[in-house]
Amino acid sequence: MALIVARPQGLYCPAGDFYIDPWRPVERAVITHGHGDHARVGHAHYLAAAPGAGVLRARLGGISLETLPYGTSILHHGVRLSLHPAGHVLGSAQVRLEHGGEVWVASGDYKVEADATCAPFEPVRCNAFITESTFGLPIYRWQPQAALFAQINDWWRGNAAQGRTSVLFCYALGKAQRILAGLDPAIGPLVAHGAVEPLNAVYRTAGVALPPTRSVAEVDPAGLKHALVLAPPSAQNSPWLRRFGDYADAFASGWMQLRGARRRRAVDRGFVVSDHADWPGLLTAIAATGAERVFVTHGQSGPLVRWLCETEGLAAQTLQTEYGDEDDTPIGVAA
Ligand SMILES: [Zn+2]
Ligand SMILES: [Zn+2]
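Just so it is clear, the model here is predicted, and its values are computed rather than measured.

Whenever I open this one, the coordination of the zinc ion (ligand 2) confuses me. Can you help?
Put simply, the ideal angle at a metal is 109.5 degrees for four donors in tetrahedral geometry and 90 or 180 degrees for six donors in octahedral geometry. In the first shell of the zinc ion (ligand 2), the protein supplies Asp37 (OD), His38 (NE2), Asp109 (OD), Asp109 (OD) and His298 (NE2), at 2.2 to 2.8 Å from the metal. Spacing between the donor residues of the zinc ion (ligand 2) along the chain follows D-H-x70-D-x188-H. Separating the zinc ion (ligand 2) from the zinc ion (ligand 1) is a gap of 3.8 Å, bridged by Asp109, which donates to each. Taken together, the residues Asp37 in the loop between strand S4 (28-30) and strand S5 (45-49) and His298 in strand S17 (residues 293-299) connect sequence positions 261 residues apart. Just as Asp37 is buried, His298 falls in that class too.

The structure is reproduced here in structure tokens:
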């Protein structure tokens, strides 16, 4: 029997009578992480990994939230449930379900390369694995993070030397903190947009070391000339940017690997950085589960399903969901 099935409200566990990242209001929701397409308001009860509690409260307010430390299991209607790090954003979890001698894992969004801002991805053995495929094409291959941060630091240093503010657009939850943790704070002041700073605060409270950030009002005009500003994509073309005068801008996203995406964003630079697995990462993670059945949710599901069936000999199929609206939204589609 399937431990997880698709229902109009979301992914459902019939034996346990609960949902995983449901997109319509339900009684019991297990939440993999705080991005808006996975964590929605309106459910009666929430269960999530303990390190993600601050993120969920910051985004969803006063929800009825129960948390579980990574790796601790609970029994609910005979279903053993545990949460395991997904390496995606602070508190992100894969949901492991065990019932009737079968193990299923719903991974939410995940990234296999470890970073300084959340617990690293943990492969979990299972019979059936539900995977994302945001970057499920062989063209997506991320460079090592050290090289990426060196590029961003060089760009910032170069702009500062010319007396131009560096404005870096990136998603406020996860991406901004990962970039902050990798930057060289000696280059100049770090400025966080008002949409980014509350999440920085949540990360710091959870014990993640981030360099100090200031609001734009806290930096004098001369300091702003060599500052790096982290702002959400929605701040692009907003009047808020006028205060920086002649600034350099860049966008940080996995989609920056596509030449057309950078052009459509109309920024000076694109940095290829993602909180999702690249193509080799997806294949490695799927292989490590040992799963014989794979369900592929949001992103490039068609090519990944074909690859898993034809090359890996797995029973893979697409699972229709409503994920994929917030983090790393394809540029030109909905951003
Ligand atoms: Zn996500
Ligand atoms: Zn997602």
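Whenever I open this one, the coordination of the zinc ion (ligand 1) confuses me. Can you help?
Around the zinc ion (ligand 1), the protein contributes the donor atoms His33 (NE2), His35 (ND1), His88 (NE2) and Asp109 (OD), at 2.2 to 2.3 Å from the metal centre. Geometry at the zinc ion (ligand 1) is irregular, judged from its four donor atoms and the angles of 88 to 169° they form at the metal. Summarised as a motif, the one-chain spacing of the donors to the zinc ion (ligand 1) is H-x1-H-x52-H-x20-D.

Hey, could you run me through helix H8 (residues 301-310) in this one?
Along an α-helix, residues three or four apart share an orientation, since each turn contains 3.6 residues. Looking only at H8, the buried set comprises Ser301, Leu304, Val305 and Leu308. Down the axis of H8, the buried side of the element spans an arc of 100°, and every buried residue falls inside it. Each element contacted by the buried residues of H8 is listed here: strand S11 (128-133), helix H7 (279-289), S17 and strand S18 (315-318).

For this particular structure, what's the right way to read the sheet that holds S17?
Working definition: the strands of a sheet are paired by backbone hydrogen bonds and lie parallel or antiparallel to each other. Spatial ordering of the open sheet is given by S7-S8-S9-S10-S11-S17-S18, a layout of seven strands whose pairing is mixed. Of all strands in the sheet, those bounded by a partner on one side alone are strand S7 (73-76) and S18. Between one strand axis and the next, the sheet turns through 20° on average, direction left out of account. Pairing geometry for S17 and S18, over four bridges, is parallel. Within S18, the residue paired with Val294 across the bridge is Ala316. Strands S11 and S17 of the sheet are contacted by H7, whose axis makes an angle of about 170° with S11. Sitting on the sheet, H8 touches S11, S17 and S18, and the angle it makes with S17 is about 160°.

Help me out: how do you make sense of unusual backbone geometry in this one?
Excluding glycine, most residues fall at negative phi; most peptide bonds, likewise, are trans. Positive phi values are uncommon outside glycine, yet Asp17 reaches one of about 55°. Here Asp17 shows up in the loop between strand S2 (10-13) and strand S3 (18-20). The phi dihedral of Asp21 is positive, around 45°, even though this residue is not glycine. Relative to the helices and strands, Asp21 is located in the loop between S3 and S4.

Would you mind going over the pattern of salt bridges with me for this structure?
A side chain of one charge can pair with a side chain of the opposite charge when the charged atoms of the two come close. Under the counting rule described, the total for this entry stands at seven salt bridges. Among the ionic pairs, Arg204 bridges to Glu197, the shortest N-O distance being 3.0 Å. A cluster of three or more residues bridged by salt bridges with shared partners is formed by Asp154, Arg157 and Asp184.

Explain the environment of Asp327 to me, please; I cannot follow it from the model alone.
Considering the arrangement of structural elements, one finds Asp327 in the segment after S18. According to the relative accessible area criterion, Asp327 is buried, its value standing at 6%. With 292 residues separating them in the primary sequence, Asp327 and His35 have C-alpha atoms 6.7 Å apart.

Scoring rules and cut-offs
Residues numbered from 1 in each chain as written. Chains lettered and ligands numbered in written order. Predicted model: local features only at pLDDT ≥ 70, side-chain atom pairs only at ≥ 80, totals over all residues. Heavy atoms only, no water. Donors = N, O, S within 2.8 Å, 3.2 Å for Na, K, Ca; no water. Helix = DSSP H or I, 4+ residues; strand = E, 2+ residues; numbered from the N terminus. Buried < 20%, exposed > 50% of the residue type's maximum accessible area, 1.4 Å probe, protein only. Tetrahedral: all angles 85-135°; square planar, octahedral: opposite > 155°, others 65-115°. Arc of directions from axis to C-beta. Contact = heavy atoms within 4.5 Å. Pairing = 2+ DSSP bridges. Axes fitted to C-alpha atoms, helices over the stretch in contact; angles between N-to-C directions. Salt bridge = Lys/Arg side-chain N within 4 Å of Asp/Glu carboxyl O.

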